[in-house]
Amino acid sequence: MRKRRILLVDDEVAIARALAMYLTENGDCEVCVENAGSAALAAARQFRPDLILLDIVMPDADGGTLAAQMKAEPVLKHTHIVFLTALVSRNATGGGSKTIGGLPFLAKPVDPDAVLEYIDQHVVVRG
Amino acid sequence: MVDRLAAELVPLRALALSLLTLAAAITAAVVSPETLLDQEALASGLALIPALLLAHHRRWSVVSTLLGVGLVALTIVHLAPPLFGVSPEVPIPTMFVVAPYIAVVLSAGWLGEVRRYQAELKATQLQLIQSDKLDSIGRMTAGIAHEVKNPLMMILVGTKILSKRLVNADDTTRQILQDMSDAVARADRIIGGLLSYSRDGGLDLEPADLNATIETSLLFVKHELDKVQIAVVKDLDPSIPTLKLDGFKMQQVFINLLMNAIHAIGQDGDIRVSSSVQTLAAGRGVGYRRTDRYVPGERVAVIRIEDSGPGIPEEHLSKLFDPFFTTKPVGRGTGLGLAVCRQIVEMHRGSIEVGNREGRGAQATVILRLEHPEDDYEKATDSARG
């Protein structure tokens, strides 16, 4: 079974590096990191991820717009996108599963195990 | 200090006025001794002094008004005969004496009213200043909170990586790594508190069972209650109709109030939680003025949380809702609990009060409206957000 392909878009270099490392070492994932929001769309087209972890507030791009652009791409429209953001608090959402602009999110600081759990639930690798 | 002086001055001013008028009456009686009826005026002038003083107490203003009306009647009786062509029994100077009395009585009543308005205006202004202050603090904390989350995330992920890699670590190392994760979780909770204070979100209103919301809140603090042997006495009124609530935010209010009660008691004691439907009678904050929150006769749900703790020191009562005011040890509380509670309750167009019970302990009272037109909610949410 092939590894799950995760695209991680976050301008926080250290977080992206550490989270990618964790997912790779503990979650049977192949992680592609993109720190520049403006390059995320191209990276997604090329990498063809199973799931995209997308920061919302980045200096050169807005995650919400990026998500819309990705969903408009024929090759990416079925790719699961989840926001990874410091904009919302976990307890602001009542612990329930809420969405931002129709897409699910994980509130920073999120336990990397919770990210893995999310990937387990939402990514089914065939073949 | 200045306020107190002004408050003292108003009855004194009224007294001075009545004495002046009395002096005028005496002068009139002396200047024209033939107007015997001036003695009547003199007597009524004397009666005016207590009336004027009474006029400054809300509940006595009716009495002073009645006295004023009596004097007007007296004047009419004196005026009537000449009007109907009957020879005047009352000499003209009497009128000059009686008229100022009437004026003074009526103005005294007004003065009392003006004073009350002034006090209310001042209170409202203070509230406005306060809410302005809270708003800027809110904005600042929201900014800081967001900024802090990224470093927290880094620490959390880093700690997890180290935990996984140090498979052969000794107990102390593992404990330290666990403590680091716990510390991040705690910092996250504090930030969550700051953000919910910073007026980030609006209300998510849904029809809700108020008593069920209270029960859920109690479940959340059950562990804490059991730990320090605090018993809860529930007196929930099942007749409370379904309310439109943001259940999660309202839970936050009750949990906060319950935690305060638990911390106040410390060990061994009891908390009484009650809910009821009440019809409001006119009184403080209940009336027809713009500054009144409720109208008389309005039906509301009243939730009360009473504890058997030591109560709240007098000097803390005015600061309870100030953000960052806390008496809890460093690290135990951010001092935002009650500030957040008030904000949430006011967004629901309700009110909250915290004070001491008669006897022993403290009590928190939350009042929520039972009837509420939809659009009013938006207004309340907007104004609560500043």
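Residues numbered from 1 in each chain as written. Chains lettered and ligands numbered in written order. Predicted model: local features only at pLDDT ≥ 70, side-chain atom pairs only at ≥ 80, totals over all residues. Heavy atoms only, no water.

Novice: For the overall build of chain A, give the residues involved together with the corresponding values.
Specialist: In terms of helices and strands, chain A carries 4 helices and 8 strands. From first element to last, N terminus to C terminus, chain A shows the α and β order β-α-β-α-β-β-β-α-β-β-β-α. Burial status across chain A gives 50% buried among its 127 residues. Contacts spanning at least 24 positions in sequence make up 65% of the contacts within chain A whose residues lie at least 6 apart. Only carbon and sulfur atoms are counted for the fraction: they give 52% of the accessible area of chain A, which is about 5900 Å². (Helix = DSSP H or I, 4+ residues; strand = E, 2+ residues; numbered from the N terminus. Buried < 20%, exposed > 50% of the residue type's maximum accessible area, 1.4 Å probe, protein only. Contact = heavy atoms within 4.5 Å. Areas by Shrake-Rupley, 256 points an atom, 1.4 Å probe, with all protein chains shown as cover.)

Novice: Give me helix α4 (residues 112–122) of chain A: which residues, what numbers.
Specialist: Residues spaced three or four apart along an α-helix face the same direction, because each turn holds 3.6 residues. All names here are of chain A. Where α4 is concerned, the buried positions are P112, V115, L116, Y118 and I119. Burial along α4 is one-sided: seen end-on, the buried residues are contained in an arc of 160°. Where α4 begins, one side-chain oxygen reaches toward the backbone nitrogen of D113, 2.8 Å away; that side chain belongs to D111. (Arc of directions from axis to C-beta. Polar contact = N/O pair within 3.5 Å; in protein donor to acceptor, adjacent residues only side chain to side chain.)

Novice: I'd like a description of the confidence of the model for chain A, backed by residues and values.
Specialist: Of all residues in chain A, 90% have pLDDT values of 70 or greater, and the mean over the chain is 87. Considering only residues more than four positions removed or in separate chains, one finds that residues 91–97 of chain A, a stretch of pLDDT under 50, has 7 contacts. (pLDDT = per-residue confidence, 0-100.)

Novice: Account for the environment of I176 of chain B, with residues named and values stated.
Specialist: Inspection of the secondary structure puts I176 of chain B in helix α5 (residues 171–197). Taking the C-alpha atoms as reference points, I176 of chain B and T159 of chain B, 17 residues apart in sequence, are found 9.6 Å from one another.

Novice: Would you mind going over the sheet that holds strand β7 (residues 362–369) of chain B in detail, with residue names and values included?
Specialist: Residues and elements named next belong to chain B. Ordered by their spatial adjacency, 5 strands build an open sheet running β2-β4-β5-β7-β6, and the pairing between neighbours is mixed. The open sheet has two free edges, formed respectively by β2 (230–236) and β6 (351–356), since each of these has just one partner strand. Adjacent strand axes in the sheet meet at a mean angle of 15° when their direction is disregarded. Summarising the sheet, strand β4 (residues 269–279) and strand β5 (residues 299–307) pair through 9 bridges and their orientation is antiparallel. Note that in β5 the partner of Q278 across the bridge is V300. Packed on one face of the sheet, helix α7 (residues 247–265) meets β2, β4, β5, β6 and β7 and runs near 30° to β5. (Pairing = 2+ DSSP bridges. Axes fitted to C-alpha atoms, helices over the stretch in contact; angles between N-to-C directions.)

Novice: Tell me about the interface of chain A and chain B, and please be specific about residues and values.
Specialist: Between chain A and chain B, the residue contacts involve 24 residues of the former and 20 residues of the latter. Taking both partners together, chain A and chain B bury about 2000 Å²; carbon and sulfur atoms supply 62% of that area. At the junction of chain A with chain B, the criterion picks out 3 salt bridges. A salt bridge links D111 of chain A to K160 of chain B; its shortest N-O distance comes to 3.1 Å. (Buried area = accessible area lost by both parts, 1.4 Å probe. Salt bridge = Lys/Arg side-chain N within 4 Å of Asp/Glu carboxyl O.)

Novice: Give me the lowdown on the side chain of T159 of chain B, citing residues and values where you can.
Specialist: With respect to the helices, strands and loops of the structure, T159 of chain B is situated in helix α4 (residues 92–165). Here T159 of chain B falls in the buried class, since its relative accessible area comes to 1%.

Novice: Go over the packing of aromatic side chains, please, and point to the residues and values.
Specialist: Two descriptors summarise a pair of aromatic rings, namely the distance from one centre to the other and the angle between the planes of the rings. Counted according to the given criterion, the structure contains 0 aromatic pairs over all chains. Sitting over the ring of F47 of chain A, R5 of chain A keeps its end group 4.2 Å from the ring centre. (Phe/Tyr/Trp six-rings, centres within 6.5 Å; stacked < 30°, edge-to-face > 60°. Lys NZ or Arg CZ within 6 Å of the ring centre and 35° of its normal.)

Novice: Talk me through α7 of chain B; I want residue IDs and the actual numbers.
Specialist: Residue and element names in this part refer to chain B. Under the 1.5 Å per step criterion, the end-to-end length of α7 is 27 Å for 19 residues, consistent within 8% with the ideal 27 Å. When α7 is considered as a whole, its buried residues turn out to be K249, M250, Q251, V253, F254, L257, L258, M259, A261, I262 and I265. Positive phi appears at G266, one or two residues downstream of α7, with a value of about 85°. (Expected span 1.5 Å × (residues − 1).)

Novice: Which residues make up the nonpolar core, and what values do they have?
Specialist: It is characteristic of soluble globular proteins that their nonpolar side chains tend to be buried jointly. Ranked by internal contacts, the top residues of the largest apolar core, which has 43 residues, are L210, V253, F254, L257, I271, V366 and L368 of chain B. Among residues more than four places away in sequence, those in contact with I271 of chain B are L225, I230, A231, V232, V233, L258, A261, I262, I265, I305, E306 and D307 of chain B. Listed in part, the 26 residues of the second largest apolar core include I6, L8, L84 and V123 of chain A. (Core = buried A, V, L, I, M, F, W, Y, C linked by side-chain atoms within 4.5 Å.)

Novice: So what about a nonpolar patch on the surface? Which residues, and what values?
Specialist: Residue and element names in this part refer to chain B. Nonpolar side chains collect at one region of the surface, where M140, I144 and V148 lie side by side and expose about 260 Å² of accessible area between them. Among the structural elements, V148 can be located in helix α4. According to the relative accessible area criterion, V148 is partly exposed, its value standing at 33%. (Patch = residues over 30% accessible without salt bridge, like charges linked within 9 Å, V, L, I, M, F, W, Y side chains within 5 Å.)

Novice: I'd love a proper account of unusual backbone geometry, names of residues and values included.
Specialist: Note that the residue after K108 of chain A, namely P109 of chain A, is joined by a cis bond; omega there is -5°. A positive phi angle, close to 50°, is found at Q229 of chain B, a residue other than glycine.

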